[in-house]
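Remarks on the overall topology
Each chain, letter by letter, is given below.
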4 protein chains.
Amino acid sequence: MSQDSYRLILACPDKVGIVAAVSTFLANEGGLITEANHYLDPDSSWFFTRQVIAADSLPYGADELRARFAPIAASFAMEWRLTETAKPKRVALLASKQAHCLSDLLYRWRSKELDFDIPGVISNHDDLRSYVEWHQLPYHYEPVNADTKAEHFARIIALLEAMKPDVIVLARYMQILPPEICSLYAGQIINIHHSFLPAFVGARPYHQAAERGVKLIGATCHYVTDELDAGPIIDQDVARISHHDSIDDMVRIGKDVEKTVLARGLRYHLEDRVLVHENKTIVFE
Amino acid sequence: MSQDSYRLILACPDKVGIVAAVSTFLANEGGLITEANHYLDPDSSWFFTRQVIAADSLPYGADELRARFAPIAASFAMEWRLTETAKPKRVALLASKQAHCLSDLLYRWRSKELDFDIPGVISNHDDLRSYVEWHQLPYHYEPVNADTKAEHFARIIALLEAMKPDVIVLARYMQILPPEICSLYAGQIINIHHSFLPAFVGARPYHQAAERGVKLIGATCHYVTDELDAGPIIDQDVARISHHDSIDDMVRIGKDVEKTVLARGLRYHLEDRVLVHENKTIVFE
Amino acid sequence: MSQDSYRLILACPDKVGIVAAVSTFLANEGGLITEANHYLDPDSSWFFTRQVIAADSLPYGADELRARFAPIAASFAMEWRLTETAKPKRVALLASKQAHCLSDLLYRWRSKELDFDIPGVISNHDDLRSYVEWHQLPYHYEPVNADTKAEHFARIIALLEAMKPDVIVLARYMQILPPEICSLYAGQIINIHHSFLPAFVGARPYHQAAERGVKLIGATCHYVTDELDAGPIIDQDVARISHHDSIDDMVRIGKDVEKTVLARGLRYHLEDRVLVHENKTIVFE
Amino acid sequence: MSQDSYRLILACPDKVGIVAAVSTFLANEGGLITEANHYLDPDSSWFFTRQVIAADSLPYGADELRARFAPIAASFAMEWRLTETAKPKRVALLASKQAHCLSDLLYRWRSKELDFDIPGVISNHDDLRSYVEWHQLPYHYEPVNADTKAEHFARIIALLEAMKPDVIVLARYMQILPPEICSLYAGQIINIHHSFLPAFVGARPYHQAAERGVKLIGATCHYVTDELDAGPIIDQDVARISHHDSIDDMVRIGKDVEKTVLARGLRYHLEDRVLVHENKTIVFE
């Protein structure tokens, strides 16, 4: 934890010799691999790997490592990146009135359970200002109504531009993002939806669940795409309910599932454990 | 377990005094209540209860108890029934080629974990005959194809008529029952669907789940109605999967969930723990 | 939720007619029962019940209800109490350095997910002062070392005396309470232990778990008695780990289990759902 | 599934270049790696890996592969083995009176969900003979009492010697194996214990659990060593119970956990996913 690492994430069409090439390269440089995961997708014949290298096992820095690795990457037509634990990701938080997911993430941030920076919190309500500001974080109150959506999202885009986030987390932010934001930050926006997707897409999923009489309720952490609640799923979980649970009970029970699933999904993303392939995720837990 | 009991199940519009009337009646008769559950549905203001009475605490039998209780039931406009543990329910089993649910139920039956009688097993394949017959149970092989559905289901109706089942269990029986059977045995047909309903209704739910990239797969035990996979849900459960699980792995992992959920749902039904109200169930676990 | 209720909790040796007597009494007074649970312990032949009565269905208040019910209670030798949702319980919180359980409970308190009052927070470290004080709650920093235990606990007793708590929650408070406090507040002190008891009693349970190589870690919410980690268990849960989880990972994963289990156990207690019988609990969920 | 593979399992003290050496060797031979897992134990600095190689990607057989790999293994002081999916493991089953684990394993065997051979079933009761023999498997009834243990285990040793098992599964076999058998088949005997170890070691764990008032019951699949219930844990799981569950209910609920955990643990072992290091397991799921 305390030791700096590089994370090499790559994907390419499979052929014999990829692992040999990567691991021989790293061994020749003296790189100590502390964690490694591989996955060969049998349907697409694509190969995916995540390798964690102890930074101090190399006599040079991340840029030099990138430069030396580039020819190998090119020869296998790899999609790849090398990230540095010394540079925590910047996470912009979008919330609404409900505090449970935001409070949970702020706890994990201030206790250093999760390692990230917060350039700011944006909300369409002012309710959470005092709590956020106690953390000495900027709070941007941006009200919106049916007539002001265009200007609202223009302001949000401007705020995000200034924040330069690596990740945008929708911590029970109840607005549907316009396609422009979705494509500006493709693969970087994480949402928590309060149902076990694909069941109960859209509004009021607990009401939909009560109507159907399900015996488990769930939450889904996923990347946001243009299509509502249809992006690649990072993580999901459920909790048991019974006939005596009212919708209020479902909301209460569900909140614990939502925050746990969002925190887990965000951790996977922050630690570069999630690779997106078509509309699915590979999660190297 | 070993002691005979009566189970009094009733539902009626709520008003003050129902429990008092029922429990005073039972106390006056000397009836020892060994288990009691109540539920007041706040939406419909209907009241539901299940009470288990030690048979030998009463000086007379079930029919006399029914006769004595009838006036109280009438005065509250109760829907009610009184069942006897001494008369195990008759369960007709319908299966296809897959053995996991059928094998599991036969184990629970022969080990007496679940208390029921089996008048026979019906299948549209002959694969499971030898296994079923080892249990000294009748096996009815009724093949079917797209052109013979009408005759097929006529034969099934005749077989069921002869079996006089209290319950029909579709133990991964892969045919859609015609409306006629659904209404002949309304509230008595239990199906196991291999998804977390309402996600992935219909055919090949594991393929649908793989396509969507979910992180949990599930199974749902429900009563069969005319509308496919839309009847009242008795029980559900899920199992975690990950990107490296193929559809074959999902099928394997799912089988364990299916048989557990079906056995649990059937147990609830056999023990008169399930009350159906509108399209939902009250399950007094 | 929004409507005031009375909760009648009682236990007595079983005999025919208890439910009849209680429910007839309530019906005669006009009391509307909105929730009812019964349990007959077959080993001890004791009967337990929890009944929730809508306060406004009665023409008088809680004291009058108590007075009218007392003769019935006496005739069955009942141990009983009647609580009022209009009078939230007072919960004294004891913590140490670790913030996860305390933060979680403060969230549930300020969001009104759980209904209780907090007369104050006591800690043997000053780390959490600013966070607690943001909630406008008193924070009592009471340092302790091996030589000052006697005075320390004398001060704690004095603080508690002034707080008049109904419940004392040890939210990862790392000191062992002296017998005097245990008996002063018997049945009122709730602890969260970071293992699946009775495995890994005492100090450093995650280290013990790592040493044994278990595949699940757990947490246990229990009432505190004189015997360390041996009091009646209110709730437990577990989370899956694997060989690649270090002790730091186990601590991180465990924290989520601890706070969930503590919050659940506290909710059961606050809602009078927990009855203690010998060294076990009956939890009417 | 259908395609033959080799599994290369190895462990050695960590140093830079192990993966490079192994993967370069395999790449040079033309070996297609379809699955790979690594683990570096930070405490002992030992490295563990499991690699699955498509058999038909190599121009020669398993023995030649072993011969060619041996020098690399020697140069890193590896403990290693290469197994072949074309040679299913031989599993001797030991049972007693209870049928649930044995029935479950026989189902998984006859449905080919798990790939193994069964040289025979040994039991100290004759109850399960007919069921086992329906599967056309040899059934060895070996009664035992307190006075005949020595001869009994001598006969068991002889039976096992004839069966030449790769694995011995104690499918709720209720006898404690003598040290001689434990050491003859060290690392090859798998037991299912009906508790969440290390809680409730030894006899009647459900009675111990009821006595302590736990809220979850569990089962543990582990390798058998000389010390009772203390061998390396392969897998564990739990199920929720409540105050109204009697010991009979716990036994019933527990059986489902036991058979699931045993089947999962056995699958891991059969697929060479379990590596034992000191008294712990690395399980490459």
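Residues numbered from 1 in each chain as written. Chains lettered and ligands numbered in written order. Predicted model: local features only at pLDDT ≥ 70, side-chain atom pairs only at ≥ 80, totals over all residues. Heavy atoms only, no water.

**Considering the sheet that holds strand E5 (residues 89-95) of chain B**
All names here are of chain B. Strand order across the open sheet formed by seven strands is E7-E6-E5-E8-E9-E10-E11, with mixed pairing between neighbours. Looking along the sheet, the strands with just one partner apiece sit at the ends: strand E7 (139-141) and strand E11 (233-240). The sheet shows a mean angle of 20° between the axes of neighbouring strands, taken without regard to direction. Bridge count between strand E6 (residues 116-123) and E7: three bridges; the pairing is parallel. (Pairing = 2+ DSSP bridges. Helix = DSSP H or I, 4+ residues; strand = E, 2+ residues; numbered from the N terminus. Axes fitted to C-alpha atoms, helices over the stretch in contact; angles between N-to-C directions.)

**Some details on helix H7 (residues 205-212) of chain C**
All names here are of chain C. Residues of H7 that are buried include every one of Pro-205, Tyr-206, Ala-209, Ala-210 and Arg-212, and no others. One face of H7 carries all of its buried residues, which in axial projection span an arc of 165°. Downstream of H7 by a residue or two, Gly-213 has a phi angle that is positive, lying close to 75°. (Buried < 20%, exposed > 50% of the residue type's maximum accessible area, 1.4 Å probe, protein only. Arc of directions from axis to C-beta.)

**Things to note about the packing of aromatic side chains**
One pass over the full model with this rule turns up 24 aromatic pairs over all chains. Pairing Phe25(A) with Phe69(A) gives two aromatic rings, centres 5.4 Å apart and planes at 55°, and the pair type is tilted. Taken together, the positions of Phe25(A) in helix H1 (residues 18-29) and Phe69(A) in helix H2 (residues 62-75) put the pair 44 residues apart, joining distant regions of the chain. Given the relative accessible area of 9%, Phe25(A) is considered buried. With a centroid separation of 5.0 Å and 65° between ring planes, the pair formed by Tyr131(B) and Trp134(D) is classed as edge-to-face. Taken together, the positions of Tyr131(B) in helix H4 (residues 129-134) and Trp134(D) in helix H4 (residues 129-134) put the pair across two chains. We classify Trp134(D) as partly exposed; its relative accessible area is 26%. Among the aromatic residues, those joined into a ring-pair cluster are Tyr131(A), Trp134(A), Tyr131(C) and Trp134(C). Here Arg110(D) stacks its cationic end above the ring of Tyr131(B), 4.0 Å away from the centre of that ring. (Phe/Tyr/Trp six-rings, centres within 6.5 Å; stacked < 30°, edge-to-face > 60°. Lys NZ or Arg CZ within 6 Å of the ring centre and 35° of its normal.)

**Comments concerning the relation of the copies chain B and chain A**
With an RMSD of 0.0 Å, the fit of chain B onto chain A corresponds to turning through 180° and sliding 0.0 Å along the axis. What we have between these two chains is a two-fold relation. Residues of chain B ranked by C-alpha distance from the rotation axis are headed by Ala199(B), positioned 2.4 Å from it. A shared binding surface is used by both copies, with 100% of the interface residues of chain B retained as interface residues in chain A. (Least-squares fit on C-alpha atoms with pLDDT ≥ 70 in both. Contact = heavy atoms within 4.5 Å.)

**A look at the domain arrangement of chain A**
Interfaces are frequently sized by the accessible area removed from exposure as the parts join. All names here are of chain A. Partitioning chain A into domains gives domain 1 (5-84) and domain 2 (89-283). Distance between the C-alpha centres of domain 1 and domain 2: 31 Å. Residue-level contacts link 13 residues of domain 1 with nine residues of domain 2. When domain 1 packs against domain 2, the two sides together hide about 870 Å² of surface, and 55% of this comes from carbon and sulfur. The largest per-residue losses of area from domain 1 upon contact with domain 2 belong to Arg-7, Phe-48 and Arg-50, which jointly make up 47% of the total buried on that side. Counting the contacts that link domain 1 with domain 2 gives three salt bridges. Among the ionic pairs, Glu-35 bridges to Arg-273, the shortest N-O distance being 3.0 Å. On inspection of domain 1 and its partner domain 2, the count reaches eight residue pairs in polar contact (both at pLDDT 80 or more). When contributions to the side of domain 1 that touches domain 2 are tallied by element, the ones reaching two or more residues are strand E1 (5-13), strand E2 (33-41), strand E3 (46-54) and strand E4 (79-84). Sort the elements by how many residues they give to the side of domain 1 that touches domain 2 and E3 lands first, with four residues. In terms of residue class, the side of domain 1 that touches domain 2 is built from five nonpolar, three polar and five charged. (Domains from an automatic or database assignment. Buried area = accessible area lost by both parts, 1.4 Å probe. Salt bridge = Lys/Arg side-chain N within 4 Å of Asp/Glu carboxyl O. Polar contact = N/O pair within 3.5 Å; in protein donor to acceptor, adjacent residues only side chain to side chain. Nonpolar A, V, L, I, M, F, W, Y, C, P; charged D, E, K, R; others polar.)

**Let's talk about the relation of the copies chain A and chain D**
Under the fitted operation, chain A is carried onto chain D by 0.0 Å of movement along the axis and a turn of 180°, and the coordinates agree to an RMSD of 0.0 Å. When you check the interface residues of chain A against chain D, 100% turn up at the interface there too, and the contact is symmetric in its surfaces.

**Here we look at the interface of chain B and chain A**
With 32 residues of chain B at the contact, the number on the chain A side is 32 residues. Taken over both partners, the interface formed by chain B and chain A buries close to 2700 Å², and the fraction arising from carbon and sulfur atoms is 57%. For chain B, the biggest contributors to the area lost against chain A are Arg212(B), Lys215(B) and His243(B); these three give 27% of the whole. Here Asp235(A) and Arg240(B) are joined by a salt bridge, their closest N and O atoms 3.0 Å apart. There are 22 residue pairs in polar contact (both at pLDDT 80 or more) connecting chain B and chain A. In terms of residue count, the dominant contributor to the side of chain B that touches chain A is E11(B) (seven residues). Broken down by class, the residue content of the side of chain B that touches chain A amounts to 16 nonpolar, seven polar and nine charged.

**A short note on the sheet that holds strand E10 (residues 216-223) of chain D**
Residue and element names in this part refer to chain D. Judged by pairing direction, the sheet is mixed, and its seven strands sit side by side in the order E7-E6-E5-E8-E9-E10-E11 without closing on themselves. Strands at the two margins of the open sheet, each flanked by one partner only, are strand E7 (139-141) and strand E11 (233-240). Averaged over all neighbouring strand pairs, the angle between strand axes comes to 20°, with direction disregarded. Relative to strand E9 (residues 189-193), strand E8 (residues 167-170) is paired through three bridges, and the arrangement is parallel.

**Details of the side chain of Asp41(C)**
All names here are of chain C. By secondary structure assignment, the location of Asp-41 is in strand E2 (residues 33-41). Buried and unpaired, Asp-41 has no salt bridge, with Lys-280 as the nearest side chain of opposite charge at 6.3 Å. A distance of 2.5 Å separates a polar atom in the side chain of Asp-41 from a polar atom in the side chain of Ser-44. Excluding residues within four positions of it along the chain, Asp-41 makes contact with Trp-46, Phe-48 and His-277. (Lys, Arg positive; Asp, Glu negative; His and termini not counted.)

**Some points on the pairing of E2(C)**
In the case of a regular strand, side chains alternate between the two sheet surfaces. Residue and element names in this part refer to chain C. Across eight bridges, the pairing between E2 and strand E3 (residues 46-54) is antiparallel. For Tyr-39, the partnering residue across the bridge sits in E3 and is Phe-48. As consecutive antiparallel partners, E2 and E3 are separated by four residues, and within that stretch Ser-45 has a phi angle of approximately 55°, a positive value.

**Quick notes on the interface of chain A and chain D**
Listed by partner, the interface residues are 16 residues for chain A and 16 residues for chain D. Between chain A and chain D the total buried area reaches about 1100 Å² when both faces are included, carbon and sulfur atoms providing 69% of it. Together, Val16(A), His38(A) and Leu40(A) form the three largest contributors to the area buried by chain A at its contact with chain D, with a combined 34%. Where chain A touches chain D, the interface holds zero salt bridges. Run the count over chain A and chain D and you get three residue pairs in polar contact (both at pLDDT 80 or more). For the side of chain A that touches chain D, the elements supplying multiple residues, two or more each, are H1 and E2 of chain A. For the side of chain A that touches chain D, a count of residues per class yields eight nonpolar, seven polar and one charged.

**So, the environment of Thr85(B)**
Residue and element names in this part refer to chain B. Structurally, Thr-85 can be placed in the loop between strand E4 (79-84) and E5. Setting aside chain neighbours within four positions, we find Thr-85 in contact with Gln-3, Asp-4, Ser-5, Arg-7 and Asp-115. Within the structure, the side chain of Thr-85 is placed 2.8 Å from the backbone nitrogen of Ser-5, a separation counted as a polar contact.

**Quick look at the confidence of the model for chain A**
Detailed reading of predicted coordinates is not advised where the pLDDT is low. Here chain A shows a mean pLDDT of 96. Residues at 70 or above account for 99%. Per the prediction output, this complex has pTM 0.97; the corresponding ipTM is 0.95. (pLDDT = per-residue confidence, 0-100.)

**Focus on unusual backbone geometry**
Phi is mostly negative for residues that are not glycine, and the peptide bonds are mostly trans. The omega angle of the peptide bond from Leu197(B) to Pro198(B) is 10°, so this bond is cis rather than trans. Unlike most non-glycine residues, Lys164(D) shows phi in positive territory, near 50°. Its location among the elements puts Lys164(D) in the loop between helix H5 (149-163) and E8.

**Overview of the pattern of salt bridges**
All names here are of chain D. Taken as a whole and judged by the stated rule, the model has 104 salt bridges over all chains. Residues Arg-155 and Glu-142 are paired through a salt bridge, measuring 2.4 Å at the closest nitrogen-oxygen approach. Of this pair, Arg-155 sits in helix H5 while Glu-142 sits in the loop between E7 and H5, and the two are 13 residues apart along the sequence. Look at Arg-155 and you get partly exposed, because its relative accessible area is 33%. The partner of Glu-271 in a salt bridge is Arg-267, with the nearest N and O atoms 3.4 Å apart. We classify Glu-271 as buried; its relative accessible area is 18%. According to the relative accessible area criterion, Arg-267 is buried, its value standing at 13%.

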